[in-house]
Amino acid sequence: MSTSTTTADTLSSSAPVLSYSPVVLSIPGRPVDLQVRVTAPETGTDLPVILLSHGQGPSNNLSSLNGYAPLANFWAAHGFVVIQPTHLTSRTLSDHVADAPGAPFFWRSRSEDMSHILDRLDEIEKAVPLLAGRIDHTKIAVAGHSFGGFTSSLLLGARVTDDGEEVSLLEPRIKAGVLLAAPGRGDVLNGSMADMLPVFRTIDFSTMTTPVLVVAGDEDDSRHFTDMGPDWHADPYTLAPGPKVLLTLFGAGHALGGIPGYDVAETTDESPERVAAVGRLTSAYLRSQLHPGDNAWQTAREALSSGPDPVGRVEAK
């Protein structure tokens, strides 16, 4: 395999990527070791990092380091190092952590996983073949789908209240984020999941000042949480201060075309074209956020609005 210093900007959508797992981190107090997958372009230096937080769902392995290959591979091919932890909420760990503090949703631990990864980024970089010396440790982003969007919101500055105490899990090393079908406000929760995750009722987006791209499907009606309809998933944009961008995808359900995995049963709106658009637009947004002066996002946004059959619309504040 090549280890040339071709810059990440020259990578095409078909550029070879390397995927390595598990990298195992022993975390004091965590009931099981933290396992991560690292996916990176074969070539390039000064590579930015995307921490990718998985959601939940009926499949065992999608809610783990083994999920979200459509996004992880796309982002890596476009010059990012993607790091995916298996959070304690993963179905793959349910037999091992059922009685651990924080079970079954481990909302605080999920965000803490990302800070542990950043604390030991040097160790991770050295553990992955052909990756040592190629990461830019100052260019960090986080992305999360569904429950992972809640996790990412906390890392980006949103706050919650737990047992009467306001909790901030802001991670200042993270410079930008992407929230994919993320939960919205808590005062409208009235579905079957509302009482199972009471912390969701307390989320405050007014403190989420980090630049964020919120991606929402206009057919993502999460009735198990609220009867507010698809607009609920736009709340992290609507209720947070700028700078924020909202990408609304036309015809998209909760899987946004199939980002959790290739050909998975829970994708009710399967669309390879939509998944490609999510990859293209999110990578362009993060590239411009992490590389000031890069016009990738402006170019992608103009292409979206000028095309004959746009996959969605963008607004910003």
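Residues numbered from 1 in each chain as written. Predicted model: local features only at pLDDT ≥ 70, side-chain atom pairs only at ≥ 80, totals over all residues. Heavy atoms only, no water.

Novice: Whenever I open this one, the pattern of salt bridges confuses me. Can you help?
Specialist: As a working rule, side chains carrying opposite charge can pair if their charged atoms are close by. Enumeration over the complete set of coordinates arrives at 11 salt bridges. With a closest N to O distance of 3.0 Å, Asp221 and Arg223 form a salt bridge. On the basis of relative accessible area, Arg223 is assigned to the exposed category, the value being 53%. Notably, a salt bridge pairs Arg274 with Asp269, separated by 3.3 Å at the nearest N-O pair. Given the relative accessible area of 12%, Arg274 is considered buried. (Salt bridge = Lys/Arg side-chain N within 4 Å of Asp/Glu carboxyl O. Buried < 20%, exposed > 50% of the residue type's maximum accessible area, 1.4 Å probe, protein only.)

Novice: Would you take a moment to explain the sheet that holds strand β4 (residues 81-85) for this structure?
Specialist: Pairing between the strands of a sheet is mediated by backbone hydrogen bonds and can be parallel or antiparallel. Ordered by their spatial adjacency, nine strands build an open sheet running β1-β2-β4-β3-β5-β8-β9-β10-β11, and the pairing between neighbours is mixed. Each end of this open sheet is capped by a strand with a single partner; those strands are β1 (17-25) and β11 (312-316). Going across the sheet, the axis of each strand differs from the next one's by a mean of 20 degrees, ignoring polarity. Where strand β8 (residues 176-180) lies against strand β9 (residues 212-217), four bridges are found, and the strand directions are parallel. Looking at β9, one finds that Leu179 is bridged to Val214. Sheet strands touched by helix α5 (residues 147-155): β3 (47-53), β5 (135-145) and β8. Its angle to β5, the strand with the most contacts, is close to 135 degrees. (Pairing = 2+ DSSP bridges. Helix = DSSP H or I, 4+ residues; strand = E, 2+ residues; numbered from the N terminus. Axes fitted to C-alpha atoms, helices over the stretch in contact; angles between N-to-C directions. Contact = heavy atoms within 4.5 Å.)

Novice: Looking at this structure, I do not really get α5. What am I missing?
Specialist: Owing to its 3.6 residues per turn, the α-helix aligns residues three or four sequence positions apart on the same side. With nine of nine residues buried, α5 is to be regarded as a mostly interior element. Phe147, Gly148, Gly149, Phe150, Thr151, Ser152, Ser153, Leu154 and Leu155 are the residues of α5 that are buried. In the core, the buried residues of α5 are packed alongside β3, α3 (107-119), β5, β6 (159-162) and β8. Two residues or fewer after α5 comes Gly157, characterised by a positive phi angle close to 125 degrees.

Novice: How should the environment of Thr238 be read in this particular structure?
Specialist: By secondary structure assignment, the location of Thr238 is in helix α6 (residues 235-238). Judged by its relative accessible area of 44%, Thr238 is partly exposed. Once the C-alpha coordinates of Thr238 and Ser206 are considered, the two residues, 32 residues apart in sequence, prove to be 9.7 Å apart.

Novice: Would you mind showing me how to read the packing of aromatic side chains here?
Specialist: The way to describe two aromatic rings as a pair is by their centre distance and the angle between their planes. The tally for this structure, following the rule as stated, stands at seven aromatic pairs. Ring centres 5.5 Å apart and planes at 20 degrees place the aromatic pair Phe200 and Phe225 in the stacked group. Taken together, the residues Phe200 in the loop between β8 and β9 and Phe225 in the loop between β9 and α6 connect sequence positions 25 residues apart. Both residues of the pair, Phe200 and Phe225, belong to the buried class. Connected via pairs of aromatic rings, a cluster forms that spans Phe105, Phe147, Phe150, Phe200, Phe225 and Trp232. Across the ring face of Phe147, the terminal group of Arg110 is positioned such that the distance to the ring centre comes to 4.2 Å. (Phe/Tyr/Trp six-rings, centres within 6.5 Å; stacked < 30°, edge-to-face > 60°. Lys NZ or Arg CZ within 6 Å of the ring centre and 35° of its normal.)

Novice: Help me understand the nonpolar core in this model?
Specialist: What tends to happen in soluble globular proteins is that the nonpolar side chains get buried as a cluster. Within the largest apolar cluster, 54 residues are counted, with the highest numbers of intra-cluster contacts made by Val38, Leu51, Val81, Ile83, Trp107 and Phe150. Formed by 34 residues, the second largest nonpolar core is a distinct cluster that contains Tyr68, Trp75, Trp297 and Val314. (Core = buried A, V, L, I, M, F, W, Y, C linked by side-chain atoms within 4.5 Å.)

Novice: Quick question: what am I supposed to make of the environment of Ile117 here?
Specialist: Residue position: Ile117 is located in helix α3. Each C-alpha atom, one on Ile117 and one on Leu51, is 8.6 Å from the other, the two residues being 66 residues apart in sequence. Once residues within four sequence positions are removed from consideration, Ile117 is found in contact with Leu34, Val36, Leu51, Ile83, Pro85 and Ile124.

Novice: For this particular structure, what's the right way to read unusual backbone geometry?
Specialist: Negative phi values dominate among residues other than glycine, just as trans dominates among peptide bonds. Between Ala103 and the following residue, Pro104, the backbone shows a cis peptide bond with an omega angle of 0 degrees. Positionally, Pro104 belongs in the loop between α2 (94-97) and α3. Residues Gly242 and Pro243 are joined by a peptide bond in cis, for which omega reads 0 degrees. At Asp46, a position not held by glycine, the phi torsion is positive, near 55 degrees. One can find Asp46 in the loop between β2 (34-41) and β3. The class for Asp46 is exposed, based on a relative accessible area of 51%. Non-glycine residue Asp163 carries a positive phi angle of around 55 degrees.

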